[in-house]
Amino acid sequence: MDWQSLWLSVKLAAISVLVLLPLAILLSRLLAYREFRGKSWIEALIMVPLVLPPTVIGYYLLVGLGSESWLGQWLQQTLGVQLVFHFSGLVVASVLVNIPFAVQPIQRAFEAIPQDVRDACACCGMSRTKQLFKVELPLVWPGILTALVLCFSHVLGEFGVVLMMGGSIAGETKTISIAIYDSVQAFDFASAGTMSLVLLLFAITTLALTTGLSRRLGRLR
């Protein structure tokens, strides 16, 4: 078991979720309640990572953020930030790839809130911010929880975009999925099997717990 790679994957998943969830909540609320020109195109753009191979997204990130691109050069010269083959680049890639896994369940949860509830909040003189924190967030918790687990689990098992963006640098970009790949390449099937089993058990357990908790929260609502 490559514990260093497992810890790096958990760290990457945790940071990605912390960055992604607040953005997903705001974007989901906007898409759920507002009608505007180009909305269908924005929703389609959000869903692109679901149908596009991760290696394609990783390729565009590698080219767009690499040292040969104007954006990559600007980040290095102005902010001293290097994203390619660096842990911070994996965070950026993971956030972008997991946007649909975060936005979709939260948006559906916002859309499920009855219009009467929002009208009542408006009649009580609640500001939009107070309405969000006092009324809406307690109602959309099942969607947020689903998004959290889906994103965390998906980041934990990411391979294509991680390999393209970060390669396999031990302690920096070598996640558990890359470690499994390297073990198979080295014909170390015992290690690959152990790490794969850990990910499989984690995925089944978290999804089962999330489904049960979401149902319980739904009944309490």
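Residues numbered from 1 in each chain as written. Predicted model: local features only at pLDDT ≥ 70, side-chain atom pairs only at ≥ 80, totals over all residues. Heavy atoms only, no water.

This part takes up the side chain of Ser177. Relative to the helices and strands, Ser177 resides in helix H11 (residues 176–185). Beyond its immediate stretch of four places on either side in the chain, Ser177 contacts Gly157, Glu158 and Phe159. (Helix = DSSP H or I, 4+ residues; strand = E, 2+ residues; numbered from the N terminus. Contact = heavy atoms within 4.5 Å.)

For the rest of this paragraph, the subject is the pattern of salt bridges. Under the counting rule described, the total for this entry stands at 4 salt bridges. The residue Arg108 makes a salt bridge to Glu111 at a minimum N-O spacing of 3.3 Å. A residue pair is termed a helical-turn pair when its members lie 3 or 4 positions apart in one helix, as Arg108 and Glu111 do in helix H6 (residues 99–111) at 3 residues. On the basis of relative accessibility, which here comes to 39%, the residue Glu111 falls in the partly exposed class. (Salt bridge = Lys/Arg side-chain N within 4 Å of Asp/Glu carboxyl O. Buried < 20%, exposed > 50% of the residue type's maximum accessible area, 1.4 Å probe, protein only.)

Counted by the stated rule, this structure contains 5 aromatic pairs. Ring geometry for Tyr33 versus Phe110: centroids 5.9 Å apart, planes at 80°, classification edge-to-face. Residue Tyr33 is located in helix H1 (residues 3–33), and its partner Phe110 is located in helix H6; the two are separated by 77 residues in the primary sequence. Ring centres of Phe187 and Phe189 lie 6.2 Å apart, and the angle between their planes is 70°; on these two criteria the pair is classed as edge-to-face. Using a relative accessible area of 64% as the deciding quantity, one classes Phe187 as exposed. Above the face of the Phe87 ring, Lys11 is positioned so that its terminal group lies 4.8 Å from the ring centre. Residue placement shows Arg118 over the ring face of Tyr33; its charged tip is 3.7 Å from the ring centre. (Phe/Tyr/Trp six-rings, centres within 6.5 Å; stacked < 30°, edge-to-face > 60°. Lys NZ or Arg CZ within 6 Å of the ring centre and 35° of its normal.)

Now for the environment of Asp2. Tracing the backbone through its elements, the reader meets Asp2 in the segment before H1. In this structure the C-alpha to C-alpha distance between Asp2 and Ala203, which are 201 residues apart in sequence, comes to 18 Å. Setting aside residues up to four positions removed in sequence, Asp2 forms contacts with Lys174, Ile176, Ala179 and Met195.

This paragraph deals with the UniProt feature "domain: ABC transmembrane type-1" (unreviewed entry) in the protein. When the UniProt feature table is mapped onto this chain numbering, "domain: ABC transmembrane type-1" (unreviewed entry) sits at residues 6–210. Along residues 6–210 one finds 80% helix and 0% strand; the C-alpha atoms at either end are 22 Å apart. (UniProt positions renumbered as here; feature names shortened; annotations may be inferred.)

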